[in-house]
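Chains, contacts and geometry: an overview
Okay, here's what each chain looks like letter by letter:
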Amino acid sequence: MTTQTLKLPVILPSGEECDRCIARLQSELTRIKGVSSAAVNNARTTITLRFDPNIVTLSCIETEARQVGAGLANRIDHQTLDLRDLDCPDCASTIEKAVCILPGVLWAGANFASGRIHVEYERGVATIEGITKAIASCGIRACPLTPSPEDANRSADNRTPAWRTALLEHRKTITTSACVLLAISALALSYAGQPKAAVSAYGIGVLVGGWSTASAALMAVRSRAIDMNVLMTLAVIGAAAIGDWFEAATVVALYNIGTMLQALTIERTRKSIRSLMDISPKRALVRRGRGEYEVAVEQVRLHEVVIVKPGERIPMDGEITSGASAINESPITGESMPADKTVGDRVFAGTLNGSGAIELRVVHVYRETVLARIIHRVEEAQAQRAPAQQMIDRFASKYTPAVVGLALAIGLLPPAASWAWAYFHGSSILPEIWSSWFLKGLSLLIIACPCALVISTPVAIVTAIGSASRAGVLIKGGAFLEEIGRVSAILYDKTGTLTDGKFRVEDIVPLDSASCSDILKIAAAIELRSEHPLASAFQDAASRLNGALPMVDKFQSLPGRGARAVLGKSAYHVGGPSILAEIGVSDEKIRPHLDRIQAMGKTAIIVMRDRAPLGIIIVSDTPRKGTAPVIRELESIGIKHQAMVTGDNIHVARDVASSAGLSEFKAGLLPEQKLELVRVYQQLYGSVAMVGDGINDAPALATANVGIVMGAVGSDTAIETADVALMGNDLSRLPYLVRLSRATTKVIRQNVAFSLVTKAVLISAAVYPGLPLWLAVAGDVGVSLIVTTNALRLSRS
């Protein structure tokens with residue numbers, strides 16, 4: 001068997017939701033005779049294949065991979081649709097089921113929090129037009145964010161008139177207004193002594209206002225679900241069956257008013273993430289050949305040159321190749337002060353250019369920009385269910401059937417018992433008994449829907465995550481948002497967290513015949529492939545020397561210890577003092593130099609040739625300003641246990657910890673030792689957060705209850721792996737994060753308690769002495785509005 005990793009330009013279907021397509025590609029490749037496994041990497045740029053070269057050649061596999069990828073691209077498409085007026089999690093579930101049963105739909109996922117549905121379907125079998133019609137049958141309007149070519153051509157040939165578009169846009173408002181006006185007119189006719197005309201007006205009002213609800217109820221029943229639309233429709237039909245048209249019309253009118261207001265309120269929570277999408281320009285000015293062309297951002301290719309004029313938003317992630325300006329990066333980092341950028345600096349899509357004209361080389365296509373990844377991750381976070389929400393969903397799944405059963409029992413059993421008693425005793429049953437108990441049962445049906453309880457948690461979570469994203473904090477889900485508020489201890493990495501992470505070379509101590517410039521060039525050449533902050537310090541210092549860097553082979557990173565590579569016929573090592581123990585060399589000869597450097601609070605980096613020390617590079621880092629007030633603020637809000645962990649020497653660690661206001665620190669730790677320390681703190685204090693830069697702290701960040709990465713802007717790895725990412729290098733976001741988490745938990749508890757107490761009161765009142773249907777509707781919808789409005793307070797955090 002042979003294993004090969006190939007950089008194949010494999011064609012995959014477009015869209016962010018293509019994990020299933022990658023699984024299909026991998027499955028198809030393993031069907032090739034001789035191929036035992038195939039795995040596409042996370043970046044979707046390579047395929048690792050394990051195959052028998054005696055059975056199949058690599059070129060045959062490559063050809064087959066291209067054919068399979070092209071087949072998937074031609075057959076499968078992905079679309080995201082915006083769901084208008086979606087105000088209930090049950091409705092989202094019903095829509096998802098309705099779309100999934102359509103021919104040609106391979107997968108669908110409705111996200112109540114973001115008000116969107118992601119659909120994966122086969123071209124030629126299913127169409128966006130058919131999918132939107134299925135969603136419309138549930139009473140929800142759907143609009144594709146990026147129409148597919150065939151649907152775009154179809155819509156161009158059959159454009160909807162402006163008046164019809166406006167009618168559809170305001171359909172809910174129009175039907176609600178008509179329903180209310182008809183109910184008021186019917187009431188006036190009833191008082192005027194026109195009962196037949198009043199009944200007709202009531203009936204028309206019920207049809208106008210209840211048609212969409214009944215359609216959605218029918219779709220829910222087909223999907224084997226009982227939601228608010230089903231319960232409300234049964235209540236209206238029941239009221240009409242016993243001739244109580246006033247109750248039926250009032251229920252329809254109040255329900256329409258309540259759902260319209262609730263949809264408007266919930267829509268405010270969704271705008272927090274959509275506002276991020278709106279700040280990214282839709283077109284870019286690109287230099288191609290000798291001309292400049294304005295094109296859609298989707299058409300901008302990698303490495304093309306984009307021109308950004310003063311005052312414009314930057315359309316793509318890129319590296320400045322010409323010009324200089326102050327860039328407002330607040331949409332991503334939350335930092336309102338503009339950052340000065342010049343040639344060689346990175347800039348990001350959605351940020352605002354200042355007074356200077358700049359040109360930039362595109363480093364990410366529009367789907368892979370930092371802003372696009374943030375939006376995608378926030379949407380994923382909003383879709384994830386927090387522990388509190390999972391518990392409420394489990395409760396609701398038992399609560400709704402129980403109350404529906406109680407409603408049926410109360411509405412049918414007492415009248416049936418009265419009828420049986422009257423039958424055997426030869427008397428007649430009074431019609432009032434039927435209507436009285438039947439109305440009580442209908443009231444319970446309305447109250448049975450746990451809508452207020454179900455939305456109490458997700459609306460709060462979505463609002464908090466959206467608020468955090470605007471402040472430059474990316475939270476990966478409700479579970480982490482809840483956990484942050486429970487944290488009792490925080491561990492900080494030193495480099496890049498409590499310090500600026502911008503090392504500078506201060507001196508070089510030769511220990512052999514090599515010159516200072518040779519030592520520096522060797523270190524810079526080895527660290528050229530490293531992500532450690534020291535690498536840029538060596539390269540910056542080496543760039544001021546004459547001559548190019550030597551070429552190295554067989555580079556290998558040693559996390560927490562350094563790096564090694566082969567130069568010529570010798571093996572070279574670069575790292576801290578621990579590198580000596582790594583290769584089994586005594587530090588006796590260079591110990592005086594190390595002691596002197598460490599006593600100055602500096603960091604010593606040793607360069608080794610084979611097993612002999614070649615020289616020592618002295619580097620220093622600057623403590624981050626404003627850290628001590630943040631530490632004190634965290635202590636004041638209950639985080640009593642805070643410590644710094646570092647692989648640096650004890651003298652440097654003491655100086656940095658002192659400047660940060662930390663009394664506890666651990667020095668000379670390797671990555672695995674940091675991980676063990678996290679576990680020790682978890683045993684001592686419970687929930688622990690680890691704050692690091694995401695490069696060498698991955699094991700500790702993964703082990704901590706909450707892993708927080710500093711300065712995730714520009715770091716693909718950090719955005720993908722962290723539980724929480726501080727997009728800017730700003731530790732002051734930590735107290736805000738803790739307060740936001742605790743405020744969110746408090747709001748959730750308030751909403752849940754209020755919903756449960758109100759439901760209990762309404763159920764008791766419905767059973768005895770009895771509730772009018774309109775009051776049951778007002779109580780149920782009113783509670784939903786109150787909990788939603790309460791959750792919106794988090795947007796001001």
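Everything below is about the structure shown above.
First, a word on scope: everything that follows refers to the structure included in this document. Within every chain, residues take consecutive numbers counted from 1 along the sequence as written. Only residues with pLDDT of at least 70 are given local features in this predicted model, and only at 80 or more are side-chain atom pairs given and counted; all residues enter the totals for whole chains, interfaces and linings. Neither water nor hydrogens contribute to the side-chain values; these are computed over all heavy atoms in the structure.

On to the pairing of strand E6 (residues 116–122). Per-residue accessibility, obtained with a 1.4 Å probe over protein chains only, is compared with the maximum for each type, and a residue is labelled buried under 20%, exposed over 50%, and partly exposed between these values. Note on conventions: DSSP H or I runs of at least 4 residues are helices, E runs of at least 2 residues are strands, and numbering of each starts at the N terminus. Of all seven residues in E6, six are buried; the element is thus mostly enclosed. A pair of strands is considered paired only if DSSP assigns at least 2 bridges between the two. Summarising the sheet, strand E4 (residues 76–84) and E6 pair through seven bridges and their orientation is antiparallel. When the sheet's bridge partners are listed, leucine 81 is paired in E6 with isoleucine 117. Where strand E5 (residues 105–111) and E6 come together, six bridges link them in antiparallel fashion. Residue pairing for E6: alanine 108 is matched across the bridge by valine 119. Between E5 and the antiparallel strand that follows it, E6, lie four residues; glycine 115 among them carries a positive phi value of about 70°.

To continue, consider the pattern of salt bridges. For salt bridges, the criterion is a side-chain nitrogen of Lys or Arg within 4 Å of an Asp or Glu carboxyl oxygen. As enumerated under the stated definition, the model contains 22 salt bridges in all. Between arginine 24 and glutamate 120 there is a salt bridge, with its nearest N and O atoms 2.6 Å apart. In this pair, arginine 24 is assigned in helix H1 (residues 19–30) and glutamate 120 in strand E6, connecting sequence segments 96 residues apart. Judged by relative accessible area, which is 23%, arginine 24 ranks as partly exposed. Overall, glutamate 120 belongs to the buried group, its relative accessible area being 0%. Here arginine 679 and glutamate 676 are joined by a salt bridge, their closest N and O atoms 3.0 Å apart. Of this pair, arginine 679 and glutamate 676 are both found in helix H24 (residues 671–685), three residues apart, which corresponds to roughly one turn of the helix.

Like charges within 9 Å and nonpolar side chains (Val, Leu, Ile, Met, Phe, Trp, Tyr) within 5 Å are joined into patches, using only residues over 30% in relative accessible area that form no salt bridge. Note that accessible areas follow from Shrake-Rupley with a 1.4 Å probe, and for residues the cover is restricted to the protein chains shown. Residues Leu187, Tyr191, Phe246, Trp774 and Leu775 make up a contiguous nonpolar surface patch of about 510 Å² in total accessible area. Within the residue set of the nonpolar patch, elements represented by two or more residues are helix H7 (171–191) and helix H28 (773–792). With respect to the element layout, tyrosine 191 can be found in helix H7. Judged by relative accessible area, which is 72%, tyrosine 191 ranks as exposed.

Aromatic pairing here means that ring centres of Phe, Tyr or Trp (its six-membered ring) are within 6.5 Å. Orientation follows from the plane angle: under 30 degrees is stacked, over 60 is edge-to-face, and everything else is tilted. Under the definition given, this model contains two aromatic pairs. Ring centres of tyrosine 202 and phenylalanine 246 lie 6.3 Å apart, and the angle between their planes is 80°; on these two criteria the pair is classed as edge-to-face. Taken as a pair, tyrosine 202 in helix H8 (residues 195–222) and phenylalanine 246 in helix H10 (residues 245–278) lie far apart in primary sequence, 44 residues in all. Only when the NZ atom of a Lys or the CZ atom of an Arg is both within 6 Å of the ring centre and within 35 degrees of the ring normal do we say a charge sits over the ring. Between the NZ or CZ atom of lysine 440 and the centre of the ring of tryptophan 437, over which it lies, the distance is 4.3 Å.

By themselves, these observations are geometric and do not establish any function.
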